[in-house]
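Breakdown of the fold
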Amino acid sequence: MPILPPGTHTIATPHSIEAALYTAVDTGNALLGDYCTDYAQAEGIGLPGVLVAANDELQVGANSGQHLRWLDTVVSGAEVVPPSQLLLQKIQRTLGQISGIRSGELGIMYVAVPALNEEANLTSLIASFQRQDADVPIAVVVGDNNSVDGTTAVTQKLGGNVVAAPVPGIGPTRQAVVDFIIDHCETDLACAVIAQTDADCEAEAGYARAVSSAFAEYPNVMVGVGPSVYEIKTEGGTLLRLSDAKGYGDLLGTTGLRGYFDLAERDIADYLLEPPYRYLAGPNTAYRASLFRDHDIRYPSGREWESICVSVQVQRRLPSATAIRYIPGQVMNVSPRAIVGAERGVLTQERLGAIRATGHVGVFSGEGSIAPLDTTLSVIRAVDRETYGLGTDEQVVAVLDEDSAVSDGDVRPALHGATGSLIPGKVAVIGKI
């Protein structure tokens, strides 16, 4: 049975609702199945028992992860119509989206969220995406990193999807979610967007439309970044609103990607393709899904600072000026809990001093976590081993100007960490670990 052409006729008849439900079952679209059965129940429309049974099986499959469930989002201008009419509009929109995906004209936005005991925060996050007014379908995928609360139940109740992520750490959890999305993607990966965020965030109105429009308009763009907004109360009663890296760094004394390379006594220009050198923040970075497959981008398997690892990988492989785009409408409101501390409501002078002393907010302060500078050093060593073909007991001790005084040892022409080409005027000093 064919998909009904969107916008061509009403679908209020029993026959057309039956056809729409058949499309739901045929395409594995549990959201459309919900719309159709809810409408049929509201209007007293009888549906074939075999089709109802097939839809019941579809719903079970969606809850077990066989199919990715799309999120129930708003329909522009339809908020005041009778409930049954709103369902009809949502059915028609979903049929049009399915048709657009099949024709290659439309992609899907997957919202990728790592979660460890985030029952209290996920409701607000998912609700912020339910309020998005966008043409693209949205699917929320939560990686449950061994939660012992209602993380899974809340996510599924609100129309999200859950993938088990048993390996501890935010890096492995993000990777489990990305792998799941790629395996279940319903369209060409080049058309799909993976919007990376955290459970304690809320997307501003217009987020999905801004991101999807930018990726559709600029086919060379592989990464979208936008404002991550923090509202922080001080113990003096002042409300601080940080929305860019400069404001964040000025208050907290933290550093960006270039700063971490400087602290490691390496020139970031010797490792990444070109400026600007962007820090791809965990709470608000959107990726074209094909990036992970085509450029072998992977999150760290351990407790490293995953944003640094991915930022370096992406910009070793892609020119940031064309592949990474700043999207003003990609606004994400981020909870300040990592800054003020989970048990505090305000930023105290003591807490601010501790952050400034360490140079980072301690987001990953769990057992075995690796701080940003140590992560950067680990990433640099890994790149050096690959670039120079070093053994497991060797490392680049320093990269120096060739006219600098160099101690006796293994001195080689310096090589660029992204291209492997010679770096004019520099040498690498190789030593034992």
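This text goes with the structure placed above it.
No experiment lies behind these values; they were computed from the predicted model shown. (Residues numbered from 1 in each chain as written. Predicted model: local features only at pLDDT ≥ 70, side-chain atom pairs only at ≥ 80, totals over all residues. Heavy atoms only, no water.)

Taken N-terminus to C-terminus, the directions of helix H12 (residues 306–317) and helix H16 (residues 372–388) make an angle of 35°; their axes are 9 Å apart at the nearest point. For the pair H12 and H16, the sense of crossing is right-handed. Two secondary-structure elements touch here, H12 through Ile308, Cys309, Val312 and Arg316 and H16 through Pro372, Thr375, Thr376, Val379, Val383 and Glu386. Partitioned by chemical class, the residues of the contact of H12 with H16 number six nonpolar, two polar and two charged. (Axes fitted to C-alpha atoms, helices over the stretch in contact; angles between N-to-C directions. Helix = DSSP H or I, 4+ residues; strand = E, 2+ residues; numbered from the N terminus. Left-handed = near helix turned anticlockwise from the far one by under 90°. Contact = heavy atoms within 4.5 Å. Nonpolar A, V, L, I, M, F, W, Y, C, P; charged D, E, K, R; others polar.)

What follows deals with H16. Over its 17 residues, H16 runs 24 Å from end to end, which matches the ideal 24 Å to within 8%, given 1.5 Å per residue. Taken together, the buried positions of H16 are occupied by Pro372, Thr375, Thr376, Val379, Ile380, Val383, Asp384, Thr387 and Tyr388. Check the buried side of H16 and you find it contacts helix H10 (257–263), H12, strand E12 (394–401), strand E13 (410–415) and strand E14 (422–432). Two residues or fewer past H16, Gly389 is found with a positive phi of approximately 65°. (Expected span 1.5 Å × (residues − 1). Buried < 20%, exposed > 50% of the residue type's maximum accessible area, 1.4 Å probe, protein only.)

Once that is clear, we can look at the sheet that holds strand E2 (residues 138–144). If you trace the seven strands from one edge of the open sheet to the other, you get E3-E2-E1-E4-E9-E6-E10, paired in mixed fashion. Of all the strands in the sheet, just strand E3 (161–164) and strand E10 (324–326) have a single pairing partner and so form its edges. If you compare each strand with its neighbour and ignore which way they point, the axes differ by 25° on average. Two elements, strand E6 (residues 223–225) and E10, share three bridges in a ladder whose sense is parallel. Bridge assignment links Val223 to a residue of E10, and that residue is Ile324. (Pairing = 2+ DSSP bridges.)

All right, on to the packing of aromatic side chains then. Per the stated rule, a full pass over the model turns up five aromatic pairs. Relative to Tyr271, the ring of Phe261 has its centre 5.7 Å away and its plane inclined at 50°; by these criteria the two rings are tilted. Of the two residues, Phe261 sits in helix H10 while Tyr271 sits in the loop between H10 and strand E9 (285–288), which places them ten residues apart along the sequence. Residue Phe261 is classed as buried on the basis of its relative accessible area, which comes to 1%. Overall, Tyr271 belongs to the buried group, its relative accessible area being 5%. When the ring of Phe292 is compared with that of Tyr299, the centres are 6.1 Å apart and the planes differ by 25°; the resulting orientation is stacked. For Phe292, a relative accessible area of 5% gives the class buried. The aromatic ring of Tyr218 is capped on one face by Arg325, whose charged end is 3.7 Å from the ring centroid. (Phe/Tyr/Trp six-rings, centres within 6.5 Å; stacked < 30°, edge-to-face > 60°. Lys NZ or Arg CZ within 6 Å of the ring centre and 35° of its normal.)

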